[in-house]
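Chain by chain, the residues:
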Amino acid sequence: KALAKGLAQFGCDVAVVDINLQDQKSVVKAIEKQGRKCLFLSANVSDFQSINEAVEKTLSKFRKIDILVNNAGVDIRKPALEFTEAEWDLIVDTNMKGVFLTTQAVGKFMTRRKRGKIINIASVMGLVGSPPFQEIVPYCASKGGVVQLTKSFALEWAKYNVHVNAIAPGPIKTYLMKPLLKDRERYEAVLRMVPLGRFGDPEDLVGPTVFLASKASD
C-alpha cells in the first residue's frame, strides 16, 4: 500500500494486485486523492492464469505497463524440522514462483516495447543466513531465489532496455512482522541486529522504489 501510494504521489497511475480485496476501497481512495487512476484487481501471483488475466485487465485499462513492483509475500515461522510440504510450497510459490510468473507476464510486453522497470522486493534474509531464533528457512530460500531471479532477468533483458533490480530490506513493520512484534524476546533479538536500532516502516521503501522506477536509475 505504501509503495502504491508513493508511486502515485510521483505521477503514476497504479494497478494494485492482491489475493484479497479487503483494502480495495482505502487504497483506491488514497491513490485517487492524489489525482491518479487506480485499478484494484484480485489475483494469485502463484497461478499462471490468474496473474496473466490481471496483466491483461491492466493493459486493457492503461494500454501499457511501465513499472512492475513484485511485492507479494508470505511467511511462516517455525523450526525447519516442523515445516510441512504444503507450507514450503505456499512460501516458495508465492515469494519466488510468483515473481517469475508476474515478471514473465509483464515482461512479454516490456521486451516488445523495449522499455520497462521491474523492482523485486527481496530481503536481507535472501543474502545472509538467518539466525536460529528467526526460524524462517523456507522464507530465506525463497528470497535468495528472488535475488538470483533479479540478476538473471536483468542480464537477459538488458538488450531490451528492461531494467530489473531488487530492494533487500531488513525488518519492516508489515503484517508479516506482527507475530514477531508480539514476541518481546525475539523482537529485541532482531532489533539488536539493526544498526539504526529500529524496524523499518513501509514508507522507508518508497524512495528506493521511485528511484528504481524512474529515469534517474537508468
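As a reminder, the structure under discussion sits directly above these lines.
Everything in this summary refers to the structure shown in the same document. (Residues numbered from 1 in each chain as written. Predicted model: local features only at pLDDT ≥ 70, side-chain atom pairs only at ≥ 80, totals over all residues. Heavy atoms only, no water.)

### A short note on the layout of surface pockets
Empty space among the atoms can be located by rolling a probe the size of a water molecule over them.
Working step 1: In this model, the second largest pocket occupies a volume close to 340 Å³.
Working step 2: As for the second largest pocket, its lining consists of 17 residues, of which R115, K117, A213, S214 and K215 are closest to the centre.
Working step 3: For the lining of the second largest pocket, the secondary structure elements donating two or more residues are strand 4 (116-121) and helix 8 (206-213).
Working step 4: Looking at side-chain class alone, the lining of the second largest pocket contains 7 nonpolar, 4 polar and 6 charged residues. (1 Å grid on protein atoms, 1.4 Å probe; cavity = no way out; pocket = protein on both sides within 12 Å on 5 of 7 lines; lining within 4 Å. Points joined across faces, edges and corners; volume = space filled by probe spheres on them. Helix = DSSP H or I, 4+ residues; strand = E, 2+ residues; numbered from the N terminus. Nonpolar A, V, L, I, M, F, W, Y, C, P; charged D, E, K, R; others polar.)

### Let's talk about helix 2 (residues 24-32)
Working step 1: Three or more residues of helix 2 are buried, namely V27, V28, A30 and I31. Considered in projection along helix 2, the buried side chains sweep an arc of 165 degrees and stay on one side of the axis. Set apart from the buried face of helix 2 by more than 90 degrees, the exposed residues are K25 and K29.
Working step 2: Among the structural elements, helix 1 (2-9), strand 1 (14-18) and strand 2 (38-42) are those in contact with the buried residues of helix 2. (Buried < 20%, exposed > 50% of the residue type's maximum accessible area, 1.4 Å probe, protein only. Arc of directions from axis to C-beta. Contact = heavy atoms within 4.5 Å.)

### Describing a positive patch on the surface
Working step 1: Together, K1, K5, K29 and K33 line one region of the surface with positive charge.
Working step 2: If you trace the backbone, K33 turns up in the loop between helix 2 and strand 2.
Working step 3: The exposure class assigned to K33 is exposed, which follows from its relative accessible area of 75%. (Patch = residues over 30% accessible without salt bridge, like charges linked within 9 Å, V, L, I, M, F, W, Y side chains within 5 Å. Areas by Shrake-Rupley, 256 points an atom, 1.4 Å probe, with all protein chains shown as cover. Salt bridge = Lys/Arg side-chain N within 4 Å of Asp/Glu carboxyl O. Lys, Arg positive; Asp, Glu negative; His and termini not counted. Charge placed at Lys NZ, Arg CZ, Asp CG, Glu CD.)

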